[in-house]
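Analysis of the macromolecular model
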Amino acid sequence: MKPICVSFSGGRSSAVMTSLVWDSYDAPAKHVCFCNTGCEHPATLDFVRDFEEHTNIPVTWLEAIVGPLGVGIRHRVVDHATACRDGSIFLAYCRKHGLPSPSHKSCTSRLKEDVMRDWRRSLGYRDTDYLTAIGIRADEQDRVSSRAE
């Protein structure tokens, strides 16, 4: 089995998925990541902190470092106390890539997927070395990747 990285959004249904994967997937390594855009509601940040405390499932808190044009997204590791709360990460993304919209759907890929990928690479993983679990709600079916298994 491959290592797995669970993308935890900080919501209740994502917490259920995270717990189920954590408890049922027997992998050589399991990681749970929460990617903060700087625009999450304070209650979401508290929920992620409380989830980690109550389940004993370690959560790696990540944020994007948005560089200038021509430089890809990088990551920084934060925690509940140091997490951005002023929207500056999302604003930097918008300055570089424009406002996300139904016709410009790169926000999740840039501020979450690319951030987790950069973090995993910093641990020595190649893109094919692990599985990723990303929850999709019933009302988000159009967001499913054509690469999804």
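Residues numbered from 1 in each chain as written. Predicted model: local features only at pLDDT ≥ 70, side-chain atom pairs only at ≥ 80, totals over all residues. Heavy atoms only, no water.

1. Structural notes on the overall build of the protein
Assigned secondary structure in the protein consists of four helices and five strands. Going from the N terminus to the C terminus, the protein shows its helices and strands as β-α-β-α-β-β-α-α-β. The burial tally for the protein puts 40% of its 149 residues in the buried class. Sequence-distant contacts, at least 24 apart, represent 63% of the contacts inside the protein between residues at least 6 apart. On the protein, roughly 8,700 Å² of surface is accessible, and the fraction owed to carbon and sulfur atoms is 53%. (Helix = DSSP H or I, 4+ residues; strand = E, 2+ residues; numbered from the N terminus. Buried < 20%, exposed > 50% of the residue type's maximum accessible area, 1.4 Å probe, protein only. Contact = heavy atoms within 4.5 Å. Areas by Shrake-Rupley, 256 points an atom, 1.4 Å probe, with all protein chains shown as cover.)

2. So, the nonpolar core
Counting residues in each nonpolar core, the largest one holds 19 residues, and the members touching the most others are Phe 8, Val 59 and Trp 61. Of all the elements in the fold, those that place two or more residues in this core are β1 (4-7), α1 (12-24), β2 (30-36) and α2 (42-55). The residues touching Phe 8, leaving out its near neighbours within four places in the chain, are Ser 14, Ala 15, Thr 18, Val 32, Cys 33, Phe 34, Cys 35, Phe 47, Val 48, Phe 51 and Val 59. Leu 62, Ile 73, Cys 84 and Leu 111 belong to the second-largest nonpolar core, a separate cluster that totals 14 residues. (Core = buried A, V, L, I, M, F, W, Y, C linked by side-chain atoms within 4.5 Å.)

3. Some words on helix α3 (residues 88-97)
Residues of α3 that are buried include every one of Ile 89, Tyr 93, Cys 94, Lys 96 and His 97, and no others. Mapping the buried residues of α3 onto a view down its axis gives an arc of 165 degrees, with all of them on the same face. After α3 finishes, the residue Gly 98 shows a positive phi value of roughly 90 degrees. (Arc of directions from axis to C-beta.)

4. Considerations on the pattern of salt bridges
Evaluation of the coordinates by the stated rule reveals nine salt bridges. Of the charged contacts in the structure, one is a salt bridge between Asp 114 and Arg 117, with a shortest N-O distance of 2.8 Å. Of this pair, Asp 114 and Arg 117 both sit in helix α4 (residues 107-122), separated by three residues, roughly a single helical turn. Of the residues examined, Arg 117 reaches a relative accessible area of 22% and is grouped as partly exposed. Overlapping salt bridges bring together Asp 114, Arg 117, Arg 121 and Asp 127 as one network. (Salt bridge = Lys/Arg side-chain N within 4 Å of Asp/Glu carboxyl O.)

5. Focus on the side chain of Glu 40
Following the sequence through the fold, Glu 40 ends up in the loop between β2 and α2. A polar contact of 2.8 Å, which involves the side chain of Glu 40, links it to the backbone nitrogen of Thr 37. Among the polar contacts listed, one links the side chain of Glu 40 to the backbone nitrogen of Gly 38, at a separation of 3.4 Å. (Polar contact = N/O pair within 3.5 Å; in protein donor to acceptor, adjacent residues only side chain to side chain.)

6. Topic: the sheet that holds strand β4 (residues 74-78)
The mixed open sheet is built from five strands, whose spatial order is β4-β3-β2-β1-β5. Looking at strand neighbours, the two that pair on one side only are β4 and β5 (131-134), the edges of this open sheet. Here the average twist between neighbouring strands, direction ignored, is 35 degrees. The pairing of β2 with strand β3 (residues 60-65) spans four bridges and is classified as parallel. Bridging from a neighbouring strand, Cys 33 pairs with Thr 60 of β3. With respect to the sheet, α1 is in contact with β1, β2 and β5, its orientation differing from that of β1 by roughly 165 degrees. (Pairing = 2+ DSSP bridges. Axes fitted to C-alpha atoms, helices over the stretch in contact; angles between N-to-C directions.)

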